[in-house]
Amino acid sequence: MGRLFRMSPAAAAMALAVMFAAAAVVARGADTGDDVLDGDAPGASFIFGDSLVDAGNNNYLSTLSKADMAPNGIDFAASGGSPTGRFTNGRTIADIIGEMLGQADYSPPYLAPNTTGGALLNGVNYASGGAGILNGTGRVFVNRVGMDIQVDYFNATRRQLDDLLGADRARRFVRKKAIFSITVGSNDFLNNYLMPVLSAGTRVAESPEGFINDLILHLRQQLTRLHALDARKFVVANVGPLGCIPYQKTLNRVAEGECVKLPNTLAATYNGKLRDLLIELNSGDGGLPGARFCLANVYDLVMELIANHGKYGFKTASVACCGNGGRYAGIVPCGPTSSMCDDREAHVFWDPYHPSEKANVLLAKYIVDGDSKYVSPMNLRKLFAL
């Protein structure tokens, strides 16, 4: 007990939140019989990606990319407003999608000590702030868990599920009851190809098209590895309009209603190639047998929120609620010394990089129940029912 009292208040609160959440999931998963395969059994979300969906893995790393300090998490009800390592004021889009699909609890971070046993039946979150498709992405943060390592971690989870359920039931559970969510790619541009100084060599050696082709090649390999481990139901988010986030707008000093062109052009080019990749993987020829890949069109969704933010109850789609520096508070990340807005629900962006919980709720609704403009070839509720 003495060790707990030597932790910081934020770390102690986060640890307790993880412990209670894991305990609740273990209680649900104590009976690991055929009930986990019943049609009415809650689903499992296995979540891969970056800080947009990190649920606290970076709390366990020595890294510069952290959100385990106030006021992050101020609106996260499950922790009573204490920070958990989520890079927003409340729930991430992955948390909200899990709720909407009837998941019993939030998928716990893989690196949390209690993410074991029956807790695995709720799914696991492998996402890491600063992570990218490429292993070199995010090295400015010192430590982060890139996509290759995240897939390695799922491989370990997959063996644990065999031990928990038996090989046959584990295979059926992963194939039928689990959705695999991949939200990655933004850092490959923001904290790799577009990174001042650090990216100079890459940008000289590789054209934008060559760099994007490299991303698609690596992502194909990662998705193929997950398929080999029995993943069958996938939702892959494309990259949002990077030139519209407060960080890029502040750095490039654009007007209120403008976005930075180059990041958006790179994102749009990548998104087109991602769409082609998922169509190919869904096809009979050259596809991955039995798999269904859904594309979450985050780019157009976020652009819709930005262009029509007043319609959705926001007052600004440019200024970060929590941050400092420049016209849009877009340079200094959210932390204890940052300025924070008075009305968090008035802001599309929580900090220089990440959406607010209110924005995440709107995005999640479109992805779970929306039409083919924003999620294709089917929405997630239909994908889960397969």
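Residues numbered from 1 in each chain as written. Predicted model: local features only at pLDDT ≥ 70, side-chain atom pairs only at ≥ 80, totals over all residues. Heavy atoms only, no water.

1. Side note on the overall build of the protein
Then, in step 1: Counting secondary structure elements, the protein contains 13 helices and seven strands.
Then, in step 2: Taken over 386 residues, the protein has a buried fraction of 57%.
Then, in step 3: Element-wise, carbon and sulfur atoms account for 55% of the exposed surface of the protein, whose accessible area totals about 15500 Å². (Helix = DSSP H or I, 4+ residues; strand = E, 2+ residues; numbered from the N terminus. Buried < 20%, exposed > 50% of the residue type's maximum accessible area, 1.4 Å probe, protein only. Areas by Shrake-Rupley, 256 points an atom, 1.4 Å probe, with all protein chains shown as cover.)

2. Looking at the sheet that holds strand β4 (residues 292–296)
In sheet architecture, strand pairing relies on hydrogen bonds along the backbone and comes in two forms, parallel and antiparallel.
Then, in step 1: The strand order across the open sheet built from five strands is β1-β2-β3-β4-β7, with neighbouring strands paired in mixed fashion. Two strands lie at the open edges of the sheet, namely β1 (44–49) and β7 (375–376), each paired on one side alone.
Then, in step 2: One ladder, built from two bridges, connects β4 with β7; its direction is antiparallel. Bridge pairing in β7 places A296 opposite V375.
Then, in step 3: Against the sheet, helix α5 (residues 167–177) engages β1, β2 (178–183) and β3 (233–237), with an angle of about 60 degrees to β2. (Pairing = 2+ DSSP bridges. Contact = heavy atoms within 4.5 Å. Axes fitted to C-alpha atoms, helices over the stretch in contact; angles between N-to-C directions.)

3. A look at the packing of helix α4 (residues 147–165) against α5
Then, in step 1: At a minimum axis separation of 7 Å, α4 and α5 run at an interaxial angle of 125 degrees. Taken together, the axis directions place α4 and α5 in an arrangement best described as oblique. Every pair of crossing elements has a handedness; the one defined by α4 and α5 is right-handed. For the pair α4 and α5, the contacting residues are F154, R158, L161, D162 and L165 in the first and A167, R169, A170, R171, F173 and V174 in the second.
Then, in step 2: Per-class residue counts for the contact of α4 with α5 are seven nonpolar, no polar and four charged. (Parallel < 35°, antiparallel > 145°, perpendicular 65-115°, else oblique. Left-handed = near helix turned anticlockwise from the far one by under 90°. Nonpolar A, V, L, I, M, F, W, Y, C, P; charged D, E, K, R; others polar.)

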